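Chain by chain, the residues:
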Amino acid sequence: MYIIHCTLLFSCEEEKKPVKSVPYVGPIEEIKDVNLRYSEAALLKVKLTTARQFRFLNDDRKYPDEVHIDFYDPSGQQIVTTLRSDSGRYDRGKDLYTVMGHVVVVNKQKQEKLQTNLLNWNPNTKKVFTENKVIITSQLTGEKLYGLGMDADQDFSRYSIRKPSGTFNL
């Protein structure tokens, strides 16, 4: 009599599923010491400077460091307005620049200073606007105008406050 001894070995292995790849959404380009110039008819209109720019696949841009923008007079020779902010970004889909954090705009001709936390600039319409709180101070008289929301020309030669308040001389 023969006894046959058979051992069967089975192994359990989890079915391997393909790993889903997550698309990269970070910057595709980093530029240091950025100096952008916008001109019309060969006349300088706007100059943006910042330490770094990140560009993304959809052509959006981020400016993580302090941003300085100079707006020039019609001849392109003299700076009429300056802007400074903590950071900024550019939305290619909307063609809209946004600066954020301690935004200070100085109109040298009118000697007025605007302060806000967020400001948008559309280079096509040449308009600047915000929905946020604004403070405009006359550097000549010290008068302050407060408001919620503002629309302005890009050089701040004209502006309107949406919900103004404050005390000032007439």
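Given the structure is predicted, the values throughout are model-derived calculations rather than measurements.

## Brief notes about the environment of serine 165
Counting through the fold element by element, serine 165 comes out in strand β11 (residues 159-167). Remark: the alpha-carbon pair of serine 165 and glycine 147, spanning 18 residues in sequence, is separated by 5.8 Å. In this structure serine 165 touches Leu145 and Tyr146, once residues within four positions along its chain are discounted.

## Looking at the pairing of strand β10 (residues 144-153)
The sheet contact formed by strand β9 (residues 127-138) and β10 spans nine bridges and is antiparallel. Within the sheet, the bridge partner assigned to threonine 130 lies in β10 and is methionine 150. The loop that links β9 with its antiparallel partner β10 comprises five residues; one of these, glycine 142, has a positive phi angle of about 80°.

## A look at the side chain of arginine 61
With respect to the helices, strands and loops of the structure, arginine 61 is situated in strand β3 (residues 61-63). Accessibility expressed as a relative area gives 18% for arginine 61, which makes it buried. The residues contacting arginine 61, other than those within four sequence positions of it, are Gln53, Phe54, Arg55, Arg89, Tyr90 and Tyr97.

## Regarding the pattern of salt bridges
Throughout the structure, instances matching the rule amount to 13 salt bridges. Where aspartate 59 meets arginine 61, a salt bridge forms, and the shortest distance between an N and an O atom there is 3.6 Å. Taken together, the salt bridges that share partners define one network made up of Glu29, Arg55, Asp59, Arg61 and Arg92.

## Remarks on the packing of aromatic side chains
For the structure on display, the rule yields five aromatic pairs. Both rings, one in tyrosine 38 and one in tyrosine 97, keep their centres 6.0 Å apart while their planes meet at 85°; by these two values the pair is edge-to-face. Of the two residues, tyrosine 38 is situated in strand β1 (residues 29-40) and tyrosine 97 in strand β7 (residues 96-107); the sequence distance between them amounts to 59 residues. One aromatic cluster in this structure is built from Tyr38, Phe71, Tyr90, Tyr97 and Trp121.

## A few points about the side chain of serine 138
When you line up the elements, serine 138 lands in strand β9. One polar contact links the side chain of serine 138 to the main-chain amide nitrogen of leucine 140, over a distance of 3.3 Å. Sequence-distant contacts of serine 138, defined by excluding residues within four places in its chain, comprise Gln111, Glu112 and Glu143.

## Structural notes on the environment of phenylalanine 56
Structurally, the position occupied by phenylalanine 56 is in the loop between β2 (43-55) and β3. Put simply, phenylalanine 56 and glutamate 29 are 27 residues apart on the chain and 6.9 Å apart in space, counted from C-alpha to C-alpha.

## Some thoughts on unusual backbone geometry
Phi is positive for alanine 41, which is not a glycine, with a value near 50°. Here alanine 41 lies in the loop between β1 and β2.

## Quick notes on the nonpolar core
Counting residues in each nonpolar core, the largest one holds 24 residues, and the members touching the most others are Ile69, Leu83, Leu119 and Met150. If one sorts the elements of this core by residue count, β7 sits on top with four residues.

## Side note on the pairing of strand β8 (residues 112-122)
Judged from the nine bridges that link them, β7 and β8 form a sheet pairing that is antiparallel. Directly across from threonine 98, in β8, lies its bridge partner asparagine 120. Linkage of β7 to β8, two consecutive antiparallel strands, is achieved through a turn of four residues, within which glutamine 111 is found at a positive phi near 55°. Linking two consecutive strands that pair antiparallel, namely β8 and β9, is a turn of four residues; a positive phi of about 60° is found at lysine 126 within it.

Analysis parameters
Residues numbered from 1 in each chain as written. Predicted model: local features only at pLDDT ≥ 70, side-chain atom pairs only at ≥ 80, totals over all residues. Heavy atoms only, no water. Helix = DSSP H or I, 4+ residues; strand = E, 2+ residues; numbered from the N terminus. Contact = heavy atoms within 4.5 Å. Pairing = 2+ DSSP bridges. Buried < 20%, exposed > 50% of the residue type's maximum accessible area, 1.4 Å probe, protein only. Salt bridge = Lys/Arg side-chain N within 4 Å of Asp/Glu carboxyl O. Phe/Tyr/Trp six-rings, centres within 6.5 Å; stacked < 30°, edge-to-face > 60°. Polar contact = N/O pair within 3.5 Å; in protein donor to acceptor, adjacent residues only side chain to side chain. Core = buried A, V, L, I, M, F, W, Y, C linked by side-chain atoms within 4.5 Å.

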